[in-house]
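Residues per chain, in single letters:
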Amino acid sequence: MPAPERIPTGSLTAVDLLAKGELTVRGRIREASNAVLYCSVSYEGHSAHCVYKPVAGERPLWDFPDGTLAQREVAAYEVCAALGWDLVPPTVLRDGPYGEGMVQLWIEAAPDGGEDGEGGLLALVDGEEPGEGWKAVGLADVGEGRTALLVHADDERLRRLAVLDAVINNGDRKGGHLLPTGDGHLYGIDHGVTFNVQDKLRTLLWGWAGEPLPRESVEALTGLAAALAPGEPLAARLAELITADEVAALRERVASLLADGVHRSPSGEWPPIPWPPV
């Protein structure tokens, strides 16, 4: 699929374009488990490509009975923005050709893993040690009675995503949800199973488990804690997207991360790695 056209700088933001522009459906992404439509959006001479996920195309989840996938995707974007990190593509909730849904800027991933050309962010390697520049996740069954060590890059972009996932309680951080771009940026997508009150964290980014949080992350979490205080704009916005109990649990997760000062470790009460991992 073609990359989105560059949105000119100025008063029009990507969020404005997504929220106000005319949506035109161009096709459907059939690999997705829910309805995902590839669209173009145009407004006042500006245009881009985007993803539209109508609520009407969502499959109900027994363990996420409240709200919608679309609302949680938008909440994830809002929280990421409050952290000061550009990790989630601009995302809005709006009406579209098939009713209300999530609309997100289309990101064209670089096939070689981005401008560094390192060939990706995840790998399976032989042996028990990850090697320089990599962090171990765990052993994986590769068939015929063989195992290999699953590793991810020791990359600050991934490290921020690991913190974000702990904050939003992401139940599905797969490899296919990591989109490195040609200019070296990294985005994370598909945040529909997030913000549950119960611990649902499942991710491939366990390589920093138990390690001290970087100062940058502590500062970002401190700012987020302030923005989540009752009466603040972010708290009011999240109250429109997720339940009061989920907002309270979000505050508790942020407070816990700040109090402990370390990256989350698997709880042992929930499968720590999503399946399938890609």
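All residue numbers refer to positions counted from 1 along the written sequence of the respective chain. With pLDDT at 70 or above as the cut-off, local features in this predicted model cover only qualifying residues; side-chain atom pairs require 80 or more to be listed or tallied, and sums for whole chains, interfaces and linings still use all residues. Water and hydrogen atoms were dropped before computing side-chain values, which therefore reflect all heavy atoms in the structure.

Focus on the overall build of the protein chain
Consideration 1: The secondary structure content of the protein chain amounts to six helices and ten strands.
Consideration 2: A globule of 278 residues ought to have a C-alpha radius of gyration of about 19 Å, and the protein chain, at 19 Å, matches this closely.
Consideration 3: Each principal axis of the C-alpha distribution contributes one length, and for the protein chain these read about 55 × 40 × 40 Å.
Consideration 4: Per-residue burial over the protein chain gives 47% buried out of 278 residues.
Consideration 5: Sequence-distant contacts, at least 24 apart, represent 66% of the contacts inside the protein chain between residues at least 6 apart.
Consideration 6: Of the roughly 13,600 Å² of accessible surface on the protein chain, 51% is carried by carbon and sulfur atoms.
Consideration 7: The charge count treats Lys and Arg as positive and Asp and Glu as negative. His and the chain ends do not count. Charge coordinates come from a single atom per side chain, which is NZ of Lys, CZ of Arg, CG of Asp or CD of Glu. The protein chain carries 23 positive and 42 negative side-chain charges, and their two centres are separated by 4 Å. Think of it this way: any DSSP run of H or I at least four residues long counts as a helix, any run of E at least two long counts as a strand, and we number them from the N terminus. Both definitions apply: the radius of gyration is a C-alpha atom measure, and the globule rule equals 2.2 Å times residues to the power 0.38. Each residue is assigned to one of three classes by its accessible area relative to the maximum for its type, calculated with a 1.4 Å probe on protein chains only: buried under 20%, partly exposed between the two thresholds, exposed over 50%. The criterion used for residue contact is that any of the two residues' heavy atoms lie within 4.5 Å. Calculation of accessible area relied on Shrake-Rupley with a 1.4 Å probe; when residues are assessed, cover is drawn exclusively from the protein chains displayed.

Here we look at the confidence of the model for the protein chain
Consideration 1: Residue-level confidence of the predictor is summarised by pLDDT, bounded by 0 at the bottom and 100 at the top. Of the residues in the protein chain, 93% have a pLDDT of 70 or more, and the chain-wide mean is 90.
Consideration 2: This stretch, residues 114–119, has a pLDDT under 50; its non-local contacts, to residues over four places away or in other chains, come to eleven contacts.

Some details on the sheet that holds strand E1 (residues 22–28)
In a beta sheet, neighbouring strands pair by backbone hydrogen bonds and run either parallel or antiparallel.
Consideration 1: A pair of strands is considered paired only if DSSP assigns at least 2 bridges between the two. Within the open sheet, the five strands sit side by side as E1-E2-E3-E5-E4. Their pairing is antiparallel. Lying at the two open borders of the sheet, with one neighbouring strand each, are E1 and strand E4 (91–96). Recorded for the sheet is a direction-independent mean angle of 40 degrees between the axes of neighbouring strands.
Consideration 2: As paired strands, E4 and strand E5 (residues 99–105) are joined by six bridges and run antiparallel to one another. Considered in E5, the bridge of Leu93 is made with Met102. Here the axes come from fitting lines to C-alpha atoms, over the contacting stretch only for helices, and the angles between their N-to-C directions go from 0 to 180 degrees.

What to know about the pattern of salt bridges
Consideration 1: Salt-bridge detection follows one rule: a side-chain nitrogen of Lys or Arg within 4 Å of a carboxyl oxygen of Asp or Glu. Enumeration according to the criterion identifies 13 salt bridges in this entry.
Consideration 2: Close ionic contact of Arg157 with Asp155 constitutes a salt bridge, the shortest N to O distance being 2.8 Å.
Consideration 3: The partner of Glu216 in a salt bridge is Arg160, and the shortest N-O contact between them spans 2.9 Å. Of this pair, Glu216 sits in helix H4 (residues 215–227) while Arg160 sits in helix H3 (residues 156–168), and the two are 56 residues apart along the sequence.
Consideration 4: Members of the salt-bridge network, linked through shared partners, are Lys135, Glu156, Arg159 and Glu211.

Section: the side chain of Arg72
Consideration 1: If you trace the backbone, Arg72 turns up in helix H2 (residues 69–83).
Consideration 2: Reaching out from Arg72, the side chain makes a polar contact with the backbone oxygen of Asp66 at a distance of 2.7 Å.
Consideration 3: Every residue in contact with Arg72, bar those within four places of it in the chain, is listed here: Phe64, Asp66, Gly67, His191, Gly192, Val193, Thr194, Phe195 and Ile242. Distance and chemistry together define a polar contact, namely a pair of N or O atoms within 3.5 Å, with one atom able to donate a hydrogen and the other to accept it when in protein, and with adjacent residues in sequence counting only for side-chain atoms on both sides.

Points about the packing of H3 against helix H6 (residues 244–260)
Consideration 1: Running from amino to carboxyl end, H3 crosses H6 at an angle of 135 degrees, the nearest separation of the two axes being 8 Å. As summarised for this structure, H3 and H6 are arranged oblique, according to the angle between their axes. Judged by residue contacts, Ala166, Val167 and Ile168 of H3 engage Leu250, Arg253, Val254 and Leu257 from H6.
Consideration 2: Split by residue class, the contact of H3 with H6 holds six nonpolar, no polar and one charged. Our angle categories are set so that under 35 degrees counts as roughly parallel, over 145 as roughly antiparallel, 65 to 115 as roughly perpendicular, and the remainder as oblique. Residues are grouped as follows: Ala, Val, Leu, Ile, Met, Phe, Trp, Tyr, Cys and Pro are nonpolar; Asp, Glu, Lys and Arg are charged; every other residue, Gly included, is polar.

Here we look at the nonpolar core
Consideration 1: In this description, a nonpolar core means a group of buried Ala, Val, Leu, Ile, Met, Phe, Trp, Tyr and Cys residues linked to one another through side-chain atoms lying within 4.5 Å. If you look at the biggest cluster of nonpolar residues, it comprises 46 residues, and the most contacted ones within it are Val79, Leu158, Leu164, Val167 and Leu238.
Consideration 2: Elements with a contribution of two residues or more to this core: H2, strand E8 (146–153), H3, H4, helix H5 (233–239) and H6.
Consideration 3: Beyond its immediate chain neighbours, meaning those up to four positions away, Val79 contacts Leu164, Val167, Ile168, Phe195, Leu224, Leu238 and Leu250.

Some thoughts on the side chain of Gln71
Consideration 1: Counting through the fold element by element, Gln71 comes out in helix H2.
Consideration 2: The contacts of Gln71, once residues within four sequence positions are left out, are Leu93, Glu240 and Leu241.

Notes on H3
Consideration 1: Taking 1.5 Å per residue, 13 residues should reach 18 Å; H3 reaches 18 Å between its end C-alpha atoms and fits that length.
Consideration 2: When you tally the buried positions in H3, you get eleven out of 13 residues, the bulk of the element.
Consideration 3: Within H3 the residues assigned to the buried category are Arg157, Leu158, Arg159, Leu161, Ala162, Val163, Leu164, Asp165, Ala166, Val167 and Ile168.
Consideration 4: Among the structural elements, H2, E8, strand E9 (178–180), strand E10 (186–188), H4 and H6 are those in contact with the buried residues of H3.
Consideration 5: Sitting at the amino-terminal end of H3 is Asp155, which places a side-chain oxygen 2.7 Å from the backbone nitrogen of Arg157.
Consideration 6: Once H3 finishes, Asn169 follows within two positions and takes phi at roughly 60 degrees, a positive value. To estimate how far a helix should extend, the number of its residues minus one is multiplied by 1.5 Å.

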